[in-house]
Amino acid sequence: MIYAPNHALDTKILASSRELVREALALLRNSDHLVSRLRLRDEVGRPALPRSEGQPSGNA
């Protein structure tokens, strides 16, 4: 954290920083529907990984 030698300026910087954080978090919350759809698209478009012959099949 950066502190200014002037208490009034320090208070102003802190308030501004908090506002920026609030805005950034609001943007993240509002973009969740976009990101979740992109993840789903990537999962659907990703080919299934072939099973390695060295891996057990689970039928023991």
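Above this text is the structure in question.
Residues numbered from 1 in each chain as written. Predicted model: local features only at pLDDT ≥ 70, side-chain atom pairs only at ≥ 80, totals over all residues. Heavy atoms only, no water.

Visitor: Outline the overall build of the chain, listing residues and values.
Guide: Summing up its helical and strand segments, the chain has two helices and zero strands in all. Taking all 60 residues of the chain together, the buried fraction comes to 3%. (Helix = DSSP H or I, 4+ residues; strand = E, 2+ residues; numbered from the N terminus. Buried < 20%, exposed > 50% of the residue type's maximum accessible area, 1.4 Å probe, protein only.)

Visitor: Describe in detail a nonpolar patch on the surface, supporting the description with residues and values.
Guide: On the surface, a cluster of nonpolar side chains totalling about 280 Å² of accessible area is made up of Val21, Leu25 and Leu28. Here Leu25 is to be found in helix H1 (residues 7–30). The class of Leu25 is partly exposed, set by a relative accessible area of 42%. (Patch = residues over 30% accessible without salt bridge, like charges linked within 9 Å, V, L, I, M, F, W, Y side chains within 5 Å. Areas by Shrake-Rupley, 256 points an atom, 1.4 Å probe, with all protein chains shown as cover. Salt bridge = Lys/Arg side-chain N within 4 Å of Asp/Glu carboxyl O.)

Visitor: Let's hear about the pattern of salt bridges: which residues, and what values?
Guide: Enumeration over the complete set of coordinates arrives at two salt bridges. The salt bridge involving Arg41 is made with Asp42; its shortest N-O contact spans 3.1 Å. Classification of Arg41 as exposed rests on a relative accessible area of 53%.

Visitor: Report on helix H2 (residues 32–45), specifying residues and quantitative values.
Guide: Relative to the 20 Å expected for 14 residues at 1.5 Å per residue, H2 spans 20 Å between its end C-alpha atoms, a close match to the ideal helical length. For H2, a buried count of zero out of 14 residues is recorded, marking the element as mostly open to its surroundings. (Expected span 1.5 Å × (residues − 1).)

Visitor: Could you give an account of H1, with specific residues and numbers?
Guide: Between its first and last C-alpha, H1 extends 35 Å over 24 residues, near the 34 Å set by a 1.5 Å rise per residue. Structurally, the start of H1 carries an N-cap: the backbone nitrogen of Ala8 is 3.0 Å from a side-chain oxygen of Asn6. (Polar contact = N/O pair within 3.5 Å; in protein donor to acceptor, adjacent residues only side chain to side chain.)

What is shown is where atoms sit, not what they do.
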